[in-house]
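Architecture at a glance
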Amino acid sequence: MNRNNLFCIDLDQPSLEGFRKFISSWLYLGETFTILVDPGPLSTITHLCSQLRQKGIERLDYVLLTHIHIDHAGGTGALLKEFPEATVICHPEGVRHMTAPEKLWQGTRKVLGPRLAEAYGEIVPVPEGRIGYEETIGKTGIRAFLTPGHAQHHCSYLLDDLLFAGEVAGVHCELADGLYMRPATPPRFILQVALDSIDRMIDLAPRTMVFAHYGLVDDALKHLQVARNQLLLWVKGVAANISLEGAKREEAIVDWLLQKDENYRNVSRLPQDLTVRERYFLGNTLRGLIEYVESLPDKERRALRDKEK
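Values in this document were obtained by computation on a predicted structure and should not be read as measured data.

One open sheet holds the 6 strands; their spatial order is β1-β2-β3-β4-β5-β6, and the pairing between them is mixed. Two strands lie at the open edges of the sheet, namely β1 (6-10) and β6 (131-132), each paired on one side alone. With 2 bridges connecting them, strand β5 (residues 87-89) and β6 associate as parallel partners. Its bridge partner lying in β6, V88 is registered against I131. Across the sheet, helix α1 (residues 45-54) touches β1, β2 (24-29) and β3 (34-37), and the angle it forms with β1 is around 145°.

Next comes the structure, spelled out in structure tokens:
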């Protein structure tokens, strides 16, 4: 894999506070193929296509979707109108939602709220026959892995020693020094499913990794291990405060995490607008964790709360 042929295309949303260096699409130019990972929402497709044309891209062979959430995949159908030869790869459970996205669109409006969903733009259908799943993608040598956790329809892709991880390891924000990460665990979250996906990515031993949110990191295994430890720690934090109700419970969980998680604590070092954005999405993360912990028998909750690590 030639790093000189790998490009990050930022898909910023200027109308939304903090939505910069958050959503991106990744372009890779192989010797005999061109791929694009996560084309983003409809609202940024015009910008994406402009950037691709500026780089001289006239053909896309494959569009790889890490998952079908609107901010990663909503504009795929519109992109195909500009690059009609491209084949879309996604989780097999995601295919039907991308070809007939009305249910996905309504669910998006419910989860994100109408304002944010409409800022992203509607989900454009992908024509049937243009989308599917392959474990080994054509003659590219890229391997696809089913990695549910953040979403049931999540995939990760390995190109040589580079892992396009989507949100399997959560969310990452670049800092001048230090590390900021948080889990991405919206409902419906199941701890063991997410841990299994991370463990399988660790077993691949990638050297570098792309976070969908956000950026390329050179020490992939370190970040995957941080993500694994965070899931366990955050579930414990939720279990320790689950008896509280409403806003008091969320406030207590956040306070607990700021004390216990040295990486999440760095949220205070982010620029103000990014802090606002992170606080907004933290609500989805906590809802997934709270629903998971509430679904457990009392004995399992206590075991999580009392676990040493």
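One widely used convention gives an interface's size as the accessible area the parts lose upon coming together. When the domains of the protein are assigned, the result is domain 1 (3-229) and domain 2 (231-306). Using C-alpha coordinates to define each centre, domain 1 is positioned 25 Å away from domain 2. In this complex, domain 1 contributes 34 residues to the contact, which on the side of domain 2 involves 26 residues. Summed over both sides, the interface of domain 1 with domain 2 buries roughly 2,800 Å², with 60% coming from carbon and sulfur. Counting the surface domain 1 buries against domain 2, the share from its top three residues, Y180, R182 and L191, is 20%. Across the domain 1-domain 2 interface, the total number found is 3 salt bridges. The partner of D273 in a salt bridge is R20, and the shortest N-O contact between them spans 2.8 Å. Between the two partners, domain 1 and domain 2, sit 18 residue pairs in polar contact (both at pLDDT 80 or more). Listing elements by their share of the side of domain 1 that touches domain 2, those giving two or more residues are α5 (102-112), α6 (114-120), β10 (171-173), β11 (180-182), α7 (191-204) and α8 (220-241). Its residues placed into classes, the side of domain 1 that touches domain 2 shows 24 nonpolar, 4 polar and 6 charged.

About the cut-offs
Residues numbered from 1 in each chain as written. Predicted model: local features only at pLDDT ≥ 70, side-chain atom pairs only at ≥ 80, totals over all residues. Heavy atoms only, no water. Pairing = 2+ DSSP bridges. Helix = DSSP H or I, 4+ residues; strand = E, 2+ residues; numbered from the N terminus. Contact = heavy atoms within 4.5 Å. Axes fitted to C-alpha atoms, helices over the stretch in contact; angles between N-to-C directions. Domains from an automatic or database assignment. Buried area = accessible area lost by both parts, 1.4 Å probe. Salt bridge = Lys/Arg side-chain N within 4 Å of Asp/Glu carboxyl O. Polar contact = N/O pair within 3.5 Å; in protein donor to acceptor, adjacent residues only side chain to side chain. Nonpolar A, V, L, I, M, F, W, Y, C, P; charged D, E, K, R; others polar.

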